[in-house]
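Topology and contacts: notes
One-letter residues, chain by chain:
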Amino acid sequence: MSRHHNSSAVSADAAPEYEAECLLPAAPASVREARSMVRRELSLWGADDLIDDCVLIISELVTNVVRHGGAACALRICGGESFVYGELFDPGAGAPRICERDMDATGGRGLQIVDSLAGDWGVTRPSSGGKVVWFTLGLPVSHRHPTVAPVLQLK
């Protein structure tokens, strides 16, 4: 994992104040590792109000990679006390999609959870292949749809 601090950032209008990233294998233990990283980092950033929602979003996204991606992934979060931008890169070609609501289903609600908690989220496809699922928390509407490129690429 790497961690960066940008002391020149002053608000969501500027560059993120903090950044952390890690590589995760496509294994069930990665979900726990990702949750731990998010809790630790957001606590250090003073973003305690965003921890629970961010942990749940990350859990769902990493679980999707473990279940459907079958390859390692790169997790990156950045932000400050009042906002988080997160992204999860994996080399898979599949497209994440929200499943229809089925009250009897035992799974398939992960992206519904992401959709209900995140200020915004989406999927981008880097020219090098794979996909990035990104999300925002705590950002005002004018700051949604980030254009940050993934910093970690798996080859």
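Residues numbered from 1 in each chain as written. Predicted model: local features only at pLDDT ≥ 70, side-chain atom pairs only at ≥ 80, totals over all residues. Heavy atoms only, no water.

All right, on to the overall build of the chain then. Scanning the chain for helices and strands turns up three helices and six strands. Each helix and strand of the chain, placed in order from N terminus to C terminus, yields the pattern β-β-α-α-β-β-α-β-β. For the chain, the residues scored as buried account for 42% of the 155 residues in total. Of the contacts made within the chain by residues no fewer than 6 positions apart, 62% connect residues no fewer than 24 positions apart. (Helix = DSSP H or I, 4+ residues; strand = E, 2+ residues; numbered from the N terminus. Buried < 20%, exposed > 50% of the residue type's maximum accessible area, 1.4 Å probe, protein only. Contact = heavy atoms within 4.5 Å.)

Moving on to the nonpolar core. Ranked by size, the top nonpolar core spans 32 residues in total, and within it Leu42, Leu75, Ile77, Val84 and Phe135 carry the most contacts. Elements with a minimum of two residues in this core: β2 (18-24), α1 (29-45), α2 (51-69), β3 (73-79), β4 (84-90), α3 (110-117) and β6 (131-137). Counting residues per element, this core draws most heavily on α2, which supplies eight residues. Ignoring anything within four residues of it in the chain, the contact list for Ile77 reads Tyr18, Glu19, Ala20, Met37, Val38, Glu41, Leu42, Trp45, Val84, Tyr85 and Gly86. (Core = buried A, V, L, I, M, F, W, Y, C linked by side-chain atoms within 4.5 Å.)

This brings us to the pairing of β6. By the criterion of burial, β6 is predominantly enclosed, with seven of the seven residues buried. Burial along β6 is two-sided: Lys131, Val133, Phe135 and Leu137 and Val132, Trp134 and Thr136, pointing in opposite directions, are all buried. As defined by bridge partners, β4 adjoins β6 across seven bridges and the pair is classed as antiparallel. Among the inter-strand pairings, Tyr85 is bridged to a residue of β6, identified as Thr136. For strand β5 (residues 120-124) and β6, the ladder comprises five bridges, and the chain directions are antiparallel. Across the sheet, Gly122 pairs through a bridge with Trp134, a residue of β6. Linking two consecutive strands that pair antiparallel, namely β5 and β6, is a turn of six residues; a positive phi of about 110° is found at Gly129 within it. (Pairing = 2+ DSSP bridges.)

Without other data, these values stay purely geometric and don't point to any function.
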